[in-house]
Structures are given as C-alpha cells and as structure tokens.
Amino acid sequence: PYFFTTGNLLNVAQQTVINAIIAVGLTFVIISGGIDLSVGSTLAFSGVVMALGLRAGWPAPLCVGVSLGVGAACGVVNGLLITLGRLPPFIASLGMMSVARGAALLVTDGRPVSGFSESFRWLATGEVLGLPVPVWVMIAVYGLTHVVLTRTKFGRYTYAIGGNEEAAILSGVPVRIYKVWIYALGGALAGVSAVLLTARLNSAQPIAGLSYELDAIAATVIGGTSLMGGRGSVVGTLIGALIMGVLRN
C-alpha cells in the first residue's frame with residue numbers, strides 16, 4: 001500500500017541517482033564501442049580527494065571541481081591507454097580500476113574521511129521546489145547529455161565511432177581525440193556521483209563504489225544500448241536505471 005506514495009517514489013528516485021549518473025557516462029563509452037570497468041573505483045578516488053580538500057578547509061565549490069577533475073583525469077588516462085597504448089578497453093579500464101582503488105586507499109590510509117559542513121551536505125539533503133537536490137542534478141545531467149548526444153558533433157561522432165570506427169577514420173573523424181574525450185566524460189560523471197554520495201553519507205569511503213560499474217552497465221544495456229556500439233540513448237539508460245531502482249525498492 002505504500003509503494004505508490006509520493007515519499008516512496010521520491011525515495012526510489014534518490015536511490016537511483018548515483019547509478020543513473022554513472023550509467024549516462026557509460027552510455028557514451030558503450031555507444032562508442034568501448035567499456036569502462038573503472039567507474040566505481042574512480043568514484044571512490046574522486047570522493048576521497050574531494051573529502052580531504054573539504055577537511056583541509058578548501059571552499060566547497062573548489063572541492064566539487066576537484067572531484068570532477070580527478071574523475072575526468074582517470075578517464076583521460078583510460079582513453080590514452082586505449083588510443084595511444086592500443087590496449088583493449090576492457091584491459092585498460094580493468095587496470096585503472098585497480099590503480100584508482102589503490103590510490104584511494106593510499107591517500108586515506110584505508111580510513112574513511114568524514115565530517116563536512118552543512119552547506120556541502122545540502123547537496124544531498126536539500127530540496128528545491130519539493131524535489132531533492134540530487135534528483136535535480138540527475139535531471140540536469142540527463143538533459144544536457146541528451147542534447148549533446150543528439151544535437152552536437154560530439155554526439156554524432158560518438159555514434160559514428162561505435163558504428164564503424166574504420167569508416168569514421170576514413171571520413172576524417174579524429175577518432176583518437178574523441179575517444180579520449182568520451183572516456184573523460186565518463187570519468188567526470190563518476191566524479192559527480194562521488195560528490196552526491198559523499199554528501200549523502202557525510203563520509204568518503206576508499207571502498208565506495210564496489211561493483212557500481214556492473215550496475216551502471218546493466219542499466220545502460222537494459223535501456224537499449226548495444227554492447228557492440230553504435231546504438232543507444234540516454235533516455236533509455238534513465239529508464240533502465242529506474243527499472244533497477246524500482247525492482248530493488
């Protein structure tokens with residue numbers, strides 16, 4: 001009797017936010033014909049670096065930017081290993097998964113970092129127009145990425161690379177550059193999720209994000225994105241993430 005209540009539906013939305021935001025980054029990666037197994041570890045590393053900055057007294061907006069930057073940097077490394085190092089995406093991101101997790105444990109000595117200001121925690125606990133702030137963040141992320149994927153050159157090239165990489169190269173698409181940007185976007189969105197998760201828990205855990213990459217891949221595929229590349233949408237990914245959230249609820 002409580003499933004269709006407003007409170008529970010908002011609860012489902014809040015529980016879905018982290019997975020949904022990671023999944024939208026993976027949507028770009030998978031459409032381009034790649035895979036990224038490191039997003040869960042990237043989330044943990046981004047979160048603890050941001051948390052250490054907050055504890056050191058850095059302004060919250062700067063720390064949020066640091067989280068996104070660390071996530072994007074991990075994605076750039078993945079992209080460079082794949083394009084310049086010619087490693088398969090599975091192997092490159094599997095390596096980054098271990099490196100980022102190890103780095104998170106190293107900088108924290110394996111301990112959680114906790115105790116943040118109420119102004120930072122508002123990102124998880126606040127409400128705007130009756131909706132929790134994380135839900136608004138998810139809506140904004142999906143709105144922007146939908147426009148990018150369907151209305152911009154970046155989006156068209158993402159589909160082209162995943163559909164037929166050789167044809168894209170012969171058509172003059174700078175495939176290597178765009179692959180790096182695609183993985184950087186996936187890492188940056190993992191950084192966004194790290195901000196929201198840290199604010200919600202009031203703690204950054206070096207072991208956070210375990211198996212999150214599997215949930216995100218599942219949401220992406222349930223939403224209709226082809227693991228072979230070249231086909232998919234962020235709207236489908238959102239539906240996939242919500243299906244998983246509803247089933248768990």
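Presented here is a report on the structure given in the accompanying data block. (Residues numbered from 1 in each chain as written. Predicted model: local features only at pLDDT ≥ 70, side-chain atom pairs only at ≥ 80, totals over all residues. Heavy atoms only, no water.)

Turning next to the overall build of the protein chain. Secondary structure summary: the protein chain contains eleven helices and four strands in total. Relative to a compact globule of 249 residues, whose C-alpha radius of gyration would be 18 Å, the protein chain shows 18 Å and is just as compact. The principal-axis extent of the C-alpha atoms belonging to the protein chain is close to 55 × 45 × 25 Å. The buried share of the protein chain, reckoned over its 249 residues, is 49%. In the protein chain, of all internal contacts separated by at least 6 residues, the share reaching a separation of at least 24 is 79%. Total accessible area on the protein chain stands at roughly 11300 Å², and carbon and sulfur atoms take up 68% of it. Distance between charge centres in the protein chain, computed from 13 positive and 8 negative side chains, equals 5 Å. (Helix = DSSP H or I, 4+ residues; strand = E, 2+ residues; numbered from the N terminus. Rg over C-alpha atoms; globule rule 2.2 N^0.38 Å. Buried < 20%, exposed > 50% of the residue type's maximum accessible area, 1.4 Å probe, protein only. Contact = heavy atoms within 4.5 Å. Areas by Shrake-Rupley, 256 points an atom, 1.4 Å probe, with all protein chains shown as cover. Lys, Arg positive; Asp, Glu negative; His and termini not counted. Charge placed at Lys NZ, Arg CZ, Asp CG, Glu CD.)

Moving on, we get to a nonpolar patch on the surface. Taken together, the side chains of V77, L81, L87, F90, I91 and L94 present a nonpolar region at the surface, about 460 Å² in accessible area. Elements with a minimum of two residues in the nonpolar patch: α3 (60–83) and α4 (89–108). The element best represented in the nonpolar patch is α4, accounting for three residues. Among the structural elements, I91 can be located in helix α4. Residue class for I91 comes out partly exposed when judged on its relative accessible area of 44%. (Patch = residues over 30% accessible without salt bridge, like charges linked within 9 Å, V, L, I, M, F, W, Y side chains within 5 Å. Salt bridge = Lys/Arg side-chain N within 4 Å of Asp/Glu carboxyl O.)

On to unusual backbone geometry, then. Although it is not a glycine, R86 sits at a positive phi angle of roughly 60°. The backbone phi angle of D109 is positive, close to 55°, even though this residue is not glycine. Among the secondary structure elements, D109 is positioned in the loop between α4 and β1 (113–114). D109 gets classed as exposed once you look at its relative accessible area, which sits at 59%.

Looking now at empty space enclosed by the protein. A full pass over the atoms with the stated rule returns two cavities of 30 Å³ or more. Looking at the largest cavity, its volume works out to about 50 Å³. Forming the boundary of the largest cavity are L43, A44, G47, A194, L197, T198, L201, S203, A204, Q205 and A208. Of all the secondary structure elements, the ones that give two or more residues to the lining of the largest cavity are α2 (39–55), α9 (175–201) and β4 (203–204). The element best represented in the lining of the largest cavity is α9, accounting for four residues. Taken together, D36, S38, V39, T42, G71, C74, G75, N78, G186, G187 and A190 make up the lining of the second largest cavity. At four residues, α3 tops the list of elements feeding residues into the lining of the second largest cavity. Per-class residue counts for the lining of the second largest cavity are three nonpolar, seven polar and one charged. (1 Å grid on protein atoms, 1.4 Å probe; cavity = no way out; pocket = protein on both sides within 12 Å on 5 of 7 lines; lining within 4 Å. Points joined across faces, edges and corners; volume = space filled by probe spheres on them. Nonpolar A, V, L, I, M, F, W, Y, C, P; charged D, E, K, R; others polar.)

The end-to-end C-alpha distance of α4 is 28 Å, a good match for the 28 Å that 20 residues give at a rise of 1.5 Å each. On the buried face of α4, the contacting elements are α2, α3 and β1. Just past α4, the residue D109 takes up positive phi, approximately 55°. (Expected span 1.5 Å × (residues − 1).)

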